[in-house]
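Here is what each chain is made of, one letter per residue.
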Amino acid sequence: MELEMKFTERDKKLIVFLSLFLLIVGLGYFVVKPLYEKVQELSAQADDLEMQVQQTQSYLARLPQLRKTNEELLDNKRDELQIFYEYMPSQELDKMITELTLHQSLGAKNLTITIPDAPYAIAPYFLYLPPAEEDGEQMTEAEAAYEAEKADNSQPQETESTETDPAAMVLYVANLSIDVTGSHEKLQDYIDLLSDDEQYPALQVNSYSWSTDNRVSTDELGDLDLRSEDMLHMELSVYMQGKEEE
């Protein structure tokens, strides 16, 4: 016996409606929704690119002023470097300090000089770079492009000028220790002389201490002669400019 299913006109309309509904839902879920999400993603990327473009334009607008400021800083550095001594090895430093001391009618002994191999390191606060974040945060593409542009502009270019580039100059600090003997008045004047920033701006008196220097000698008759005079122990720093080694 065969079973026959008869659909009424109402059932046929319901089946057609359900079919259309399922088709619409399928199209919405599998086609429209992915397209909508892609549009949202592209819109977010467009907003990011627009922000990066604005940042890049801002950097480029500030670039002439930054270059001008950089030139002014280099000029200031060049002027400031003029007050420092040219780089001297230990022998020349020994000669300079000894002659300066003897010129003041004082005695000099126990002179020790320490010159570090590496230049004096100092980072101005506006050049300080904070350490990288632990979460791996990186620069934006605009910031990377700006830094790359700066790096390209900072590449050395051929020039006929023989003037020393102040950006390549570095500072060396030599530490000196010396015992100076003489009268108390002359020793005090010696301290004041070396502490005078106008006469010796590249010399710094770090510390000093007083003591007595006792010396025993013999006179013409062979008798012992005991002499005592003030002795000044000084710790000095000498600032010297030198060319940065490549």
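Here is a short report on the structure shown in this document. Just so you know, these numbers come straight off a predicted model, no measurement behind them. (Residues numbered from 1 in each chain as written. Predicted model: local features only at pLDDT ≥ 70, side-chain atom pairs only at ≥ 80, totals over all residues. Heavy atoms only, no water.)

## Here we look at the packing of aromatic side chains
- Per the stated rule, a full pass over the model turns up three aromatic pairs.
- When the centroid spacing of 5.0 Å and the interplanar angle of 85 degrees are considered together, the rings of tyrosine 29 and phenylalanine 30 count as edge-to-face. Phenylalanine 30 matches tyrosine 29 in its accessibility class, with the two residues each being exposed.
- Considering the side-chain rings of tyrosine 87 and tyrosine 172, the 5.1 Å spacing of their centres and the 65 degrees angle between planes classify their relative orientation as edge-to-face. Here tyrosine 87 is found in the loop between β1 (85-86) and α2 (90-103), whereas its partner tyrosine 172 is found in strand β3 (residues 169-182), with 85 residues between them in sequence. (Phe/Tyr/Trp six-rings, centres within 6.5 Å; stacked < 30°, edge-to-face > 60°. Buried < 20%, exposed > 50% of the residue type's maximum accessible area, 1.4 Å probe, protein only. Helix = DSSP H or I, 4+ residues; strand = E, 2+ residues; numbered from the N terminus.)

## Some points on the pattern of salt bridges
- One pass over the full model with this rule turns up one salt bridge.
- The salt bridge involving aspartate 213 is made with lysine 109; its shortest N-O contact spans 3.2 Å. Residue aspartate 213 is found in strand β4 (residues 203-218), and its partner lysine 109 is found in strand β2 (residues 107-114); the two are separated by 104 residues along the sequence. (Salt bridge = Lys/Arg side-chain N within 4 Å of Asp/Glu carboxyl O.)

## Let's talk about α2
- Helix length check: α2, at 14 residues, gives a terminal C-alpha distance of 20 Å against a target of 20 Å (1.5 Å per residue), a fit within 8%.
- Every buried residue of α2 is listed here: Leu93, Ile97, Leu100 and Thr101. The buried residues of α2 occupy an angular sector of 100 degrees when the element is viewed end-on, so they sit on one face. Exposed residues pointing more than 90 degrees away from the buried face of α2 are listed as Gln91, Lys95, Leu102 and His103.
- In the stretch just after α2, serine 105 is the one whose phi turns positive, near 60 degrees. (Expected span 1.5 Å × (residues − 1). Arc of directions from axis to C-beta.)

## Observations concerning the environment of aspartate 213
- Given the relative accessible area of 9%, aspartate 213 is considered buried.
- Spatially, the C-alpha atom of aspartate 213 lies 9.7 Å from that of valine 180, the residues being 33 residues apart in sequence.
- With sequence-adjacent residues up to four places away left out, aspartate 213 is seen in contact with Lys109, Thr181, Arg227, Ser228, Glu229 and Met231.
- For aspartate 213, the side chain forms a polar contact with the side chain of lysine 109, separated by 3.2 Å. (Contact = heavy atoms within 4.5 Å. Polar contact = N/O pair within 3.5 Å; in protein donor to acceptor, adjacent residues only side chain to side chain.)

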